[in-house]
Amino acid sequence: MKVSLNAIKKYIDIKDISVDEIAHRLTFAGVEVESVSPLASATNLTVGKVLTCENMPNSDHLHLTTVDAGKHGVLHIVCGAPNVKTGIKVIVALDGAKLPGGVIHNGKIRGYESQGMLCSLLELGVESKFLSEEQTKGIEILPDDAVVGDDDVLGLLGLDDVILDLKLLANRSDLYSVKNVAREIETLFDLKANIVDTKEQQNANLPFMVNSLTERCSQFSGRVVKNIKVKQSPKWMKDILRSSGIRSINNIVDIGNYVMIITGQPLHMYDLDKLPKKELVVRDDYEGDFVALDEKTYKLQNGDVVITSNGEVMCLGGVMGSLACAVDENTKNVVIEAANFDFASVRRTSIRLNLVSDSSMRFVKGINPNQYVEVMNFTALLLKDLADASEVGEINTYLKNKYEPTIIKTSTSYINARLGTSFSDDEIISSLRKAFIETKNDNGQLECVVPSHRIDITGAADLSEEVIRILGFENVKSELPSMQLSVGALDENLVKKNIVRDYLRGIGLDEQLSYTLVRKEEVESFKFINKNEYLKVMHPLTDEHEYIRINLLPSEMNLLTYNVNHSNNDLAFFEVSDVFAKNKKSIHLAIVLAGSDLRRHHLSGAKYDFYHMKGIVDGLLSLFDIDEKRATLVRADEEELHPGKSATLKVDGKVVATFGEVHPNVNKKYGLGNLNVVVLEADLTNLFAIRTSAKKMEQTSRFPTVTRDFAFVLSDKVSAREAVTEIKKINRELIKNVDIFDVYRGEHIEEGYYSLALSVAFSSLEKTLNEQDIAQLQDAIIKQLKVKFNADLRK
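This report concerns the structure included in the present document. For clarity, every value in this text was computed on a predicted model and none was experimentally measured.

1. Overview of the overall build of the protein
Here is step 1: Looking only at helices and strands, the protein has 21 helices and 42 strands in total.
Here is step 2: For 795 residues, the compact-globule estimate of 2.2 N^0.38 gives 28 Å, and the protein exceeds it by more than 25% at 43 Å.
Here is step 3: Referenced to the eigenvectors of the C-alpha coordinate spread, the extents of the protein come out at roughly 135 × 80 × 65 Å.
Here is step 4: Within the protein, buried positions represent 48% of all 795 residues.
Here is step 5: Partitioning the intrachain contacts of the protein with sequence separation of at least 6 by distance along the chain shows that 70% fall at a separation of at least 24.

2. Things to note about the sheet that holds strand β33 (residues 571-581)
Here is step 1: Pairing is mixed across the open sheet formed by 7 strands, whose spatial order is β29-β33-β34-β38-β37-β36-β35. Strand pairing shows two members of the sheet lacking a second neighbour, β29 (510-511) and β35 (631-635), which therefore form its edges.
Here is step 2: Note: β33 against strand β34 (residues 584-594), 11 bridges, orientation antiparallel. By the bridge assignment, F580 is partnered in β34 with K585.

3. Considering the sheet that holds strand β21 (residues 312-316)
Here is step 1: Pairing is mixed in the open sheet, where 5 strands are placed in the order β14-β17-β20-β21-β22. Both outer strands of the open sheet, β14 (209-212) and β22 (320-321), are each paired with one neighbouring strand and no more.
Here is step 2: Direction of pairing for β21 relative to β22: antiparallel, over a ladder of 2 bridges. Paired with L316 across the two strands is M320, which belongs to β22.

4. With respect to unusual backbone geometry
Here is step 1: Positive phi is not limited to glycine here, since D652 has a value of about 55 degrees.
Here is step 2: Among the secondary structure elements, D652 is positioned in the loop between β36 (641-651) and β37 (654-662).
Here is step 3: Look at H748: it is not a glycine, yet its phi comes out positive at around 75 degrees.
Here is step 4: The residue H748 is located in the loop between β40 (735-744) and β41 (753-762) in this model.
Here is step 5: For H748, a relative accessible area of 73% gives the class exposed.

5. A short note on the packing of helix α8 (residues 343-352) against helix α9 (residues 358-365)
To characterise two packed helices, one gives the angle between the axes of the helices and the distance between these axes.
Here is step 1: Where α8 meets α9, the closest approach of the two axes is 7 Å, and the angle between their N-to-C directions is 140 degrees. For the pair α8 and α9, the crossing hand works out as left-handed. Contact with α8, carried on its side by F343, V346, R347 and S350, involves S360, F363 and V364 of α9 and no other residues of that element.

6. Digging into helix α11 (residues 412-419)
Here is step 1: Those residues of α11 that sit buried are T412, I415, N416 and L419. Buried residues of α11, seen end-on, are gathered within an arc of 95 degrees and therefore sit on one face of the element.
Here is step 2: On its buried face, α11 sits against β26 (407-411), α12 (425-434), β28 (445-449) and α13 (460-471).
Here is step 3: The positive-phi residue at the C-terminal boundary of α11 is G420, with phi of around 70 degrees.

7. A look at the side chain of D271
Here is step 1: Secondary-structure assignment places D271 in strand β16 (residues 267-271).
Here is step 2: For the buried residue D271, which engages in no salt bridge, the nearest side chain bearing the opposite charge is K274, 4.1 Å off.
Here is step 3: In terms of polar contacts, D271 uses its side chain to reach the side chain of T331, at 2.8 Å.
Here is step 4: Aside from chain neighbours lying at most four places away, what touches D271 is C325, A326, V327, D328, T331 and N333.

8. Focus on the pattern of salt bridges
Here is step 1: Under the definition given, this model contains 46 salt bridges.
Here is step 2: Several salt bridges converge on common partners, so that one network encompasses R172, D174, E184, R454, D456, E466 and R469.

9. Structural notes on the environment of D625
Here is step 1: Inspection of the secondary structure assignment puts D625 in the loop between α17 (610-623) and β35.
Here is step 2: Judged by its relative accessible area of 38%, D625 is partly exposed.
Here is step 3: Separated by 70 residues in sequence, D625 and K695 place their C-alpha atoms 7.8 Å apart.
Here is step 4: For D625, the residues in contact, after removing those within four places along its chain, are T692 and K695.

10. Side note on the packing of aromatic side chains
Here is step 1: Tallied over the entire structure, the rule returns 10 aromatic pairs.
Here is step 2: With a centroid separation of 5.4 Å and 80 degrees between ring planes, the pair formed by W236 and Y258 is classed as edge-to-face. Of the two residues, W236 is situated in helix α6 (residues 235-243) and Y258 in helix α7 (residues 251-263); the sequence distance between them amounts to 22 residues.
Here is step 3: Note on W236: relative accessible area 36%, which makes it partly exposed.
Here is step 4: Here F610 and Y611 contribute two aromatic rings whose centre-to-centre distance is 5.4 Å and whose plane-to-plane angle is 85 degrees, an arrangement assigned as edge-to-face.
Here is step 5: For F610, a relative accessible area of 13% corresponds to the buried category.
Here is step 6: The class of Y611 is partly exposed, set by a relative accessible area of 49%.

Analysis parameters
- Residues numbered from 1 in each chain as written.
- Predicted model: local features only at pLDDT ≥ 70, side-chain atom pairs only at ≥ 80, totals over all residues.
- Heavy atoms only, no water.
- Helix = DSSP H or I, 4+ residues; strand = E, 2+ residues; numbered from the N terminus.
- Rg over C-alpha atoms; globule rule 2.2 N^0.38 Å.
- Buried < 20%, exposed > 50% of the residue type's maximum accessible area, 1.4 Å probe, protein only.
- Contact = heavy atoms within 4.5 Å.
- Pairing = 2+ DSSP bridges.
- Axes fitted to C-alpha atoms, helices over the stretch in contact; angles between N-to-C directions.
- Left-handed = near helix turned anticlockwise from the far one by under 90°.
- Arc of directions from axis to C-beta.
- Lys, Arg positive; Asp, Glu negative; His and termini not counted.
- Salt bridge = Lys/Arg side-chain N within 4 Å of Asp/Glu carboxyl O.
- Polar contact = N/O pair within 3.5 Å; in protein donor to acceptor, adjacent residues only side chain to side chain.
- Phe/Tyr/Trp six-rings, centres within 6.5 Å; stacked < 30°, edge-to-face > 60°.

Right under this line is the structure:
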């Protein structure tokens, strides 16, 4: 925000403080001054009067002038401005003058002596947007009462100003007001600002109705002022507006902008005679076209705050007024509006319509909720003084809630403990009072009343911030705070999640990440595990990212399709991610196996099938020491999976995972052709919650392990797991492991039967097993499976 130093001087005497010191103190008090720059940059100027003006021979635009420069004598100056003439008073840049465009020196132009330069405001550094067309094309003509030889030209023109460019933090919206910047300087330099409330200005009974039909407006005030005259603003007001980066329009518009700069309260002026009815009503349910002051038509929608009169929109709240009731040169009577609109509504509307302005910015940042009476009286006084207003009506106000000041209770010990300081009670209380915070002290217990303009102070922590800002950060001790050390550790679920990821990467799977947001079609497919209600994003950027996924497989299938379309058909990848449903969050695992086994296809051409995924599932269970007795596989009934080649895993009755080969219809849907695809979706939250006994240490045998392979023909009614379990029961001390390495159905095997190939490992802790020991164990296995399952060794 750009603040005029001259505007600040109207409220506080800072003549004994340098601009650099002000900038330094403000910056180190949390109000960063990004730059300090003069409004105009020029030296060695004086006021002159053109005594003679003649056209230069052989030139179509240069003039030979003699100029009375007072104590500097009569100067001969060559000038090319079209508006130079005898008798006018002008700005003279003397020999050695420094202008933004360079240094002026005496010299000769086309053989004629020139002892300086006649200047325009552009040449002094004034922006063209503040100048008329005539001013941009020629030199500046000074008023007749300008004193010849006066060297304070910048002061005469109102250009002797310095601009402070403040980079305000989001919490210091109060400093979008010149008065509050003056208060800040008063606080930091222990001065006294001259800020007094304006007297009540009502002198007539001019009733006017105001109301609000929306929660998005907490306060709305209107006041009628009659018999005004629209004309040019006085020079002092134009100067302040120009220093603040605002172009002067007329006295009525300028008064509104000036009040906003000084108080931080945006205003709007309505032409009373153009209103359909003597009322202003705030609403947020209007939908339709709106023609604004910029003569453009905007589409308004439900939620936009509008001010209406007799149902017609007269203003877009906090953003821009309507052309229908605009103040113009014929306006005689006005209604002043001072309101407090919901910052979020103003922000959404202004951004959507691309109508961001100084007014909307102030509403978005937050304004003083209790200054509307002072603002109304201040504005009415200016209308009386500058627009000859003769009648000022009462202030009519809609107020949602009566203003109650914020009261915060704290203690000096809390403030010192939080800051790491040892300030006395008097120092803390004095600093708070300097910040206009009324403070009562009861043996170190403080009760603080926050001024209405400091809407950022809401708690004890904010009070401690004020204390250190004012007393100085150099009072904070340069020592490390004492901290209790503790051993850091990852969350248990995160540890287990990393174990799963490491395991899957270790067996050759690639890990991938995908978007959490998906389209509706995806969120409603592959609902194996999570069948809960899904969530929709309120304002999605695209239809592709409209819903929060509740399962991972739809995203994995999209990735598979992308790879297949790029001729990458042999894939094994997984993703571990949080998923969110209504009132539920869980950790999911998705695995996709497609094409040939990445570890074996160059050798054997083995294609991924149901048993590859089952092996991974068995590995996950063993990873967390989940006994196979607690796990059961049941046929899965999911439309996306092959009905005879899919299963659901339950542990202790809870569904942990569903996996299987993808149904041909799904392959067709995703454009995968005849590619063999096996998928899995697991709820790791359920898996991690399964209680298992602590790991037990086992002695490792120092004697060699012996393996024997068996091939049994079993009925389809007997599962491989049952066979493995039965073998382990025979002798748990000597039978160390049973691995399945082949399952066969087909030629030489009767229908209803299958061949199960097993590798059994034998070992003893006491001795090396001999052939007799091994033969006894082999016979026991064959006999036990024959008795239990009527299994025969495959011939």
